[in-house]
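# A closer look at the structure
Chain residues, written in single-letter form:
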Amino acid sequence: MAGGLVALLDDVAVLARAAAASIDDIGAAAAKAGAKAAGVVVDDAAVTPQYVRGLAAERELPIIKRIALGSLRNKFFIILPAVLLLSQFVPWLLTPILMLGGAYLCYEGAEKVWAKIAHHDAHGAGEEKLQDETTLVSGAVRTDLILSAEIMVINLNEVIDEAFWSRLAILAVVAVVITVLVYGVVALIVKMDDAGLRLSQRSGAVATFGRGLVRAMPVVLTVLTVVGTAAMLWVGGHILLLGTNELNLHFLYEAVHHVEVAAHDATGVLGGLVGWLVNTVASAILGLIVGALVVLVMTLTLHRRKSKPAAATVAATTRTDGIIPAPPSRAAQRRDAPADRAPRG
């Protein structure tokens, strides 16, 4: 009896160690997979604070919570089932889909670069429009669907060789961790100035620190935007670089790899860092070129079609000399009024 109990406990201990090792493997794989999506994650964290701009301070955190819950619904009820089915039954589609996502990242990054150069906001982001909270959250969740889909496909590509249930567990962990990370950072960013204002009302070093937080807020947002844009071009370009190689178009990948190896061998101790920088810069340049081409195509097609109705409306209300006519005066309105109008009294 005692021997059987000891054997049972020994079996339980073995199973517990195996389960712990499996959890460690899932955690390690999730961390590795999540690191590949860093560019999209940074951009997501940079974009989301724009949705609560202009709202009352007490509504900022509830809105971010609603967007975060919508993001989890996107990942678990739409994206995760779709990517698991693809990986199980048509895994050959993953590389083309991943490359389409990489091209989209390149487009987003190049459009932001062009917006900065041309001094206008991408996607009309500079237009201040008052929206009800439901409309605002719906728009944010739709945008999150695109970014989350790209994050999950990038992660799936890293764990495609795992068993089905391991893939499911890893992607579920990644979905939760990335959502908490992104929207936790967003919450900290949007409340930074409020915390700074409260601290600045105190005295001494605390007040100085609070004023520093308030002044740092625009700098933090600017740095996030720049880093997010650079990361999107790098990640998007790298996805395209690897994708072309997997589709047996080796010349581009081999050219970059040759330069990377040469830089690695020529720089001794710093070879690893320099080689990585070479690959990163080459990927970002490729991303910028591809993104610029997509921006050009979109500008000549979709954006031009959208601008025609607006131009026609402006032309209908503008004279040929380019001056918008002023409304008629009260005297002219009385003069042009119908003659058969009934007299008063």
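Residues numbered from 1 in each chain as written. Predicted model: local features only at pLDDT ≥ 70, side-chain atom pairs only at ≥ 80, totals over all residues. Heavy atoms only, no water.

## Regarding the overall build of the protein
For the record, the criterion: Secondary structure counts use DSSP, requiring at least four H or I residues in a row for a helix and at least two E residues in a row for a strand, with both numbered from the N terminus. Methods summary: accessible areas were calculated by the Shrake-Rupley approach with a probe of 1.4 Å, and residue burial reflects only the protein chains presented.
Helices and strands together make up the secondary structure of the protein, namely eleven helices and zero strands. In the protein, the succession of α and β elements from N to C terminus is α-α-α-α-α-α-α-α-α-α-α. Element-wise, carbon and sulfur atoms account for 68% of the exposed surface of the protein, whose accessible area totals about 21200 Å².

## Digging into the pattern of salt bridges
Note the cut-off: Here, a salt bridge means any Lys or Arg side-chain nitrogen found within 4 Å of an Asp or Glu carboxyl oxygen. Classification of residues uses two cut-offs on accessible area relative to the type maximum, computed with a 1.4 Å probe and protein chains only: under 20% is buried, over 50% is exposed, and between them is partly exposed.
Applying the stated criterion across every chain yields a total of two salt bridges. Between glutamate 60 and lysine 191 there is a salt bridge, and its shortest N-O distance comes to 3.4 Å. On the criterion of sequence distance, the pair formed by glutamate 60 in helix α3 (residues 57–89) and lysine 191 in helix α6 (residues 164–200) is long-range, its members being 131 residues apart. The residue lysine 191 makes a salt bridge to aspartate 194 at a minimum N-O spacing of 2.8 Å. Here lysine 191 and its partner aspartate 194 are both found in helix α6, three residues apart, which amounts to about one turn of the helix. On the accessibility criterion, aspartate 194 (15% relative accessible area) is buried. In the salt-bridge network here, residues are joined through shared partners; they are Glu60, Lys191 and Asp194.

## A closer look at the packing of α3 against helix α5 (residues 133–158)
Rules: Here an angle of 0 to 180 degrees is reported between the N-to-C directions of two axes, which are lines fitted to C-alpha atoms, with helices fitted over the stretch in contact. Should an angle lie under 35 degrees it is considered roughly parallel, over 145 roughly antiparallel, and from 65 to 115 roughly perpendicular; all remaining angles are considered oblique. Left-handed describes a crossing whose near helix is turned anticlockwise from the far helix through less than a right angle; right-handed describes the clockwise counterpart. Residue polarity is assigned by list, with Asp, Glu, Lys and Arg as charged and Ala, Val, Leu, Ile, Met, Phe, Trp, Tyr, Cys and Pro as nonpolar; anything else, Gly included, falls into the polar class.
Where α3 meets α5, the closest approach of the two axes is 7 Å, and the angle between their N-to-C directions is 40 degrees. One way to sum up the angle between α3 and α5 is to call them oblique. Crossing hand, α3 versus α5: right-handed. Tallied by class, the residues present in the contact of α3 with α5 amount to 15 nonpolar, six polar and five charged.

## Observations concerning the UniProt feature "transmembrane region" (unreviewed entry) in the protein
Which entries qualify depends on this criterion: UniProt positions are given in the numbering used here, feature names are shortened, and annotations may be inferred rather than shown by experiment.
This chain's UniProt record puts "transmembrane region" (unreviewed entry) on residues 76–94, 168–190, 219–241 and 276–298. Secondary structure over residues 219–241 splits into 100% helix and 0% strand, and the C-alpha atoms at its two ends are 33 Å apart. Along residues 276–298 one finds 100% helix and 0% strand; the C-alpha atoms at either end are 32 Å apart.

## Quick look at the packing of aromatic side chains
Basically, it comes down to this: Between the rings of Phe, Tyr and Trp (Trp by its six-membered ring), a pair exists once the centres lie within 6.5 Å; its type follows the angle of the planes, with under 30 degrees stacked, over 60 edge-to-face, and the other angles tilted.
Counted under the stated rule, the structure contains three aromatic pairs. Taking the centre distance of 6.4 Å and the plane angle of 50 degrees together, the rings of tyrosine 104 and tyrosine 107 count as tilted. Note that tyrosine 104 and tyrosine 107 are positioned in helix α4 (residues 94–118) at a spacing of three residues, about one turn of the helix. Classification of tyrosine 104 as partly exposed rests on a relative accessible area of 28%. Ring centres of phenylalanine 164 and tryptophan 165 lie 5.2 Å apart, and the angle between their planes is 85 degrees; this geometry places the pair in the edge-to-face category. Of the residues examined, phenylalanine 164 reaches a relative accessible area of 28% and is grouped as partly exposed.

## Overview of the side chain of serine 283
For clarity, the threshold we go by: Counted as a polar contact is a pair of N or O atoms within 3.5 Å, where, for protein atoms, one must be capable of donating a hydrogen and the other of accepting one, and residues adjacent in sequence contribute only when both atoms are in side chains. What makes two residues a contact is simply this: any of their non-hydrogen atoms within 4.5 Å.
Residue position: serine 283 is located in helix α9 (residues 271–300). The buried category is assigned to serine 283, whose relative accessible area is 0%. Of note is the side chain of serine 283, whose polar atom sits 2.8 Å from the backbone oxygen of asparagine 279. In this view, serine 283 contacts Leu233, Trp234, Gly237, His238 and Leu241; residues no more than four positions away in its chain are not counted.

## Things to note about the nonpolar core
Where we set the bar: Nonpolar cores were defined as sets of buried Ala, Val, Leu, Ile, Met, Phe, Trp, Tyr and Cys residues, with membership established by side-chain atoms within 4.5 Å.
Ile67 and Tyr183 are the most contacted members of the largest nonpolar core, which totals 17 residues. Counting 16 residues, the second largest nonpolar core, distinct from the first, contains Leu80, Leu94, Leu98 and Met232.

## Quick look at α4
Applicable threshold: Multiplying 1.5 Å by the helix residue count minus one yields the expected span of that helix.
Here α4 contains 25 residues, and its C-alpha end-to-end distance of 35 Å stays within 8% of the 36 Å for a straight helix at 1.5 Å per residue. Downstream of α4 by one or two residues, histidine 119 has phi in the positive range, about 60 degrees.

## Examining the packing of helix α7 (residues 205–246) against α9
Direction vectors running N to C along α7 and α9 enclose 90 degrees, while the axes themselves pass 7 Å from each other. What the angle tells us is that α7 and α9 run roughly perpendicular. Contacts between α7 and α9 involve Leu233, Trp234, Gly237, His238, Leu240 and Leu241 from the first element and Trp276, Asn279, Thr280, Ser283, Ala284, Leu286, Gly287, Leu288 and Val290 from the second. Tallied by class, residues from the contact of α7 with α9 come to nine nonpolar, six polar and no charged.

## Remarks on the side chain of lysine 75
Structurally, lysine 75 is set in helix α3. Overall, the relative accessible area of 2% leaves lysine 75 in the buried class. One polar contact links lysine 75 to serine 71, side chain to side chain, over a distance of 2.6 Å. Those residues within four positions of lysine 75 in sequence are excluded, and the remaining contacts are Leu80, Pro81, Asp144, Ser148, Ala175 and Thr179.

## Digging into the confidence of the model for the protein
Note the following rule: Known as pLDDT, the predictor's confidence for each residue is given on a scale from 0 to 100.
Taken as a whole, the protein shows an average pLDDT of 75; of its residues, 68% reach a score of 70 or greater. With pLDDT under 50 throughout, residues 2–6 is counted as low confidence; its partners more than four residues away or in other chains account for zero contacts. Under a pLDDT of 50 for its full length, residues 11–23 has, in the predicted model, zero contacts with residues more than four places off or in other chains.

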